[in-house]
Amino acid sequence: MNSKYILIFLSVYIMCICSSCSDFLKEVSQDEFEPKTASAFQELLNGEGYSTTICLDPITDVLTDDVEGAQGQSDNYIDENLAHRAVYTWQSNMYLLLADYDMTNLLHTYQKLYKCIMACNLVIDGLTDADGTEDEKMQTRGEALALRAYYYFLLVNLYAMPYNCAGTAPESLLGVPLVIKPEIRDEGIARNTVAEVYTQICKDIEEACSLLDGKADNTLGLFRINNVAAHLLASRIYLYMENWDKVLEHADVALADAPALVDLTTYQLSNPAFPHYAINNIISRNFPEVIFINGSMSGSIKTEGTLIRVSESGSNALLRLYDSSDARRNIFFSDMSPLYYKYWMAKRGTQEQGFVWRTAELYLNRAEAYAAKYMAGDNSCGQKAVDDLDALRSKRLSNFVAYTLTTPVALMEFCHEERRRELCFESHRWFDLRRYGMPSIEHTWYDASGNRTVYTLKEKDLGYVLPIPQDAMDTNSALIQNELAPERVGEVN
């Protein structure tokens, strides 16, 4: 199959789900871009369904309390860094402000995700009549379903209210449009509810797990989804839905075959003096705990060398969560004391590859599920949560002391803190804050003269949901925009 035709089809297809252009497609023979074999569909999935070269989430890390403003040097106040301010201060018109600075790389997550979904749809639909063995079809279909579940999971958590939004049922919340067939439609596509989107996500990931579990060989490499990765994703999805038993079910299956936790107290980086120059850092193919690698970080807003830094001041600052024996502080962050702020986020090293799914998350997902069941009155689950947390902490703290179980509330708070310590800057924190009840956050901004302005994202603020990009609104007449917050004005102090 000619990849040129696939690209043409996908480019037109993503436009067609939002507008009327079926007449254009009639001029092109559909046979020119239709694979015929299972192996051809796998190639299509590898090239267009996987997001290896795409930055799927360029902004959420700087929306969180893991960052704060930095007073930069004069050469840091360039247009690009100034454009980041609109995102960092949760402005509802961030897209317009970014476009003014020609920062288009930060604008197209919505479109990129749907383009990947279209490739998955083509594969899922086309495999039915494709030539090839059942084993080949199971493998490819399983991967495509898991990817589609993941992309819709990202979409609904970026552009809709959280599934567990207090006081509102997911059935009454606007989600995102569900497109699960490779068909061209003239009419616009309306938003499904959050509940409907999650129903489809669960359906896809459950089938994916079943198909991939049936494979005799799941050693696919880190850039394709195997059964362990699929079950990890399932545990994450059900965590957000607060379906604790399903979290435990899928985490148990994944942990049976997942790589062992890495002991960071003895782990040797290739460049320990400058972790951000290491080739075997946490987010890399060389870190032994990695299960799956996806996406690229090219074009994302960074926390090093910009006007946004890792949060280190204030009672809720990220760096304050690490004690002196925690090996993560010196591996996850690079000491850059001579600069105008001390620490750079150094998890990605020099072989940055976007985001990774790794074994540590499985322990954290399962621990939180056990802690929730403990809060609900199942006393047997409290120590199980502690055991999972301590399994992780014993590989991170040089002076490890087991956690002492007390109240359910204290245990859950510790679960959340440990999750933040471990998974920071891996595209988890923003989504976690949303499902924790959307707490209030403050961000400081320093101008070139050193003046300090404080911006506040209030509890349950409308800014916890990103605006749907305007070009998507313009081309899909059935889309309803999210309710937008007014211009966010900071307080100078």
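For clarity, every value in this text was computed on a predicted model and none was experimentally measured. Note on numbering: residues in each chain are counted from 1, in written sequence order. It should be noted that, the model being predicted, local features are given only for residues of pLDDT at least 70 and side-chain atom pairs only at 80 or more, the latter also being counted only at that level, while totals for whole chains, interfaces and linings use all residues. Calculation of side-chain values draws on the structure's entire complement of heavy atoms; hydrogens and water are dropped beforehand.

### A closer look at the overall build of the chain
Scanning the chain from terminus to terminus reveals 16 helices and 9 strands. Its C-alpha atoms give the chain a radius of gyration of 23 Å, within 12% of the compact-globule value 23 Å for 493 residues. With respect to the three principal axes, the spread of C-alpha positions in the chain is 65 × 50 × 50 Å. Residues classed as buried in the chain amount to 58% of the 493 residues present. Partitioning the intrachain contacts of the chain with sequence separation of at least 6 by distance along the chain shows that 74% fall at a separation of at least 24. Within the chain, the 68 negative side-chain charges are centred at a point lying 3 Å from the centre of the 43 positive side-chain charges. Runs of E in the DSSP output that reach at least two residues are strands. Runs of H or I that reach at least four are helices, and both are numbered from the N terminus. Radius of gyration means the value over C-alpha atoms here, while the globule rule gives 2.2 Å times the residue count to the 0.38 power. Only protein chains enter the accessibility calculation, which uses a 1.4 Å probe; a residue is then buried when its area is under 20% of its type maximum, exposed when over 50%, and partly exposed in between. By definition, residues are in contact when any of their heavy atoms lie within 4.5 Å. When charges are tallied, Lys and Arg are placed among the positive residues and Asp and Glu among the negative ones, while His and the ends of the chain are skipped. For this purpose, a charge sits on NZ of Lys, CZ of Arg, CG of Asp or CD of Glu.

### Notes on the domain arrangement of the chain
For every domain, the bounds stem from an assignment made automatically or drawn from a database. Splitting the chain by domain gives domain 1 (38-212 + 441-492) and domain 2 (260-294 + 322-437). Between the C-alpha centres of domain 1 and domain 2 there is a distance of 24 Å. Across the boundary between the two partners, domain 1 contributes 34 residues, which contact 19 residues of domain 2. Note on definitions: buried area is the accessible-area loss of two parts on being combined, 1.4 Å probe, summed for both. The junction of domain 1 with domain 2 conceals about 2,300 Å² of combined surface from both sides, 58% of it contributed by carbon and sulfur atoms. When the area that domain 1 buries against domain 2 is broken down by residue, the three leading residues are Asp61, Asp66 and Tyr464, summing to 26%. One side-chain nitrogen of Lys or Arg within 4 Å of one carboxyl oxygen of Asp or Glu is enough to make a salt bridge. Counting across the domain 1 and domain 2 interface gives 3 salt bridges. Of the charged contacts, one joins Arg420 and Asp66 as a salt bridge, the two residues approaching to 2.6 Å between their closest N and O atoms. The definition of a polar contact used here is a pair of N or O atoms within 3.5 Å, where within protein one atom must be able to donate a hydrogen and the other to accept one, and adjacent residues in sequence count solely through side-chain atom pairs. Across the domain 1-domain 2 interface, the total number found is 9 residue pairs in polar contact (both at pLDDT 80 or more). When residues of the side of domain 1 that touches domain 2 are assigned to their parent elements, the largest contribution, 6 residues, is made by helix H7 (residues 134-159).

### Describing the environment of Glu487
Here Glu487 lies in the loop between helix H16 (470-475) and strand S9 (491-492). Assessed through its relative accessible area of 66%, Glu487 is described here as exposed. For the pair Glu487 and Val123, spaced 364 residues apart in sequence, the C-alpha to C-alpha distance is 43 Å.

### Regarding the packing of aromatic side chains
For any pair of aromatic rings, the description rests on two quantities: the centre-to-centre distance and the angle between the ring planes. Stacked, tilted and edge-to-face pairs are distinguished by plane angle, under 30 degrees for stacked and over 60 for edge-to-face with tilted covering the rest, among Phe, Tyr and Trp rings (Trp via its six-membered ring) whose centres lie within 6.5 Å. If you walk through the whole model with that rule in mind, you get 18 aromatic pairs. When the centroid spacing of 6.4 Å and the interplanar angle of 70° are considered together, the rings of Phe332 and Phe333 count as edge-to-face. On the basis of an interplanar angle of 25° and a centroid distance of 4.4 Å, the ring pair of Tyr403 and Phe414 is categorised as stacked. Taken together, the residues span a long stretch of sequence, with Tyr403 in the loop between helix H13 (380-393) and helix H14 (408-423) and Phe414 in helix H14 at a distance of 11 residues. You'll find Tyr403 and Phe414 in the same group, each marked buried.

### Looking at the layout of surface pockets
Over the atoms a probe the size of a water molecule is rolled, and this reveals where empty space is left. A 1.4 Å probe that fits but cannot get out identifies a cavity on a 1 Å grid over protein atoms alone, an open set with protein on both sides within 12 Å along at least five of seven lines counts as a pocket, and a residue lines either if it has an atom within 4 Å of a point. Grid points are joined across faces, edges and corners, and a volume is the space filled by probe spheres set on the points. If you add up the space inside the largest pocket, you get close to 560 Å³. Around the largest pocket, the lining is made up of 27 residues, and of these Asp65, Ser315, Asn316, Ala317 and Arg420 lie nearest the centre. Per element, the largest residue contribution to the lining of the largest pocket is 5 residues, and it comes from strand S7 (residues 441-446). Classifying every residue of the lining of the largest pocket gives 8 nonpolar, 10 polar and 9 charged. The residue makeup of the lining of the largest pocket includes at least three contributed by each of domain 1 (38-212 + 441-492) and domain 2 (260-294 + 322-437). Put simply, Ala, Val, Leu, Ile, Met, Phe, Trp, Tyr, Cys and Pro go in the nonpolar bin, Asp, Glu, Lys and Arg in the charged bin, and everything else, Gly too, in the polar bin.

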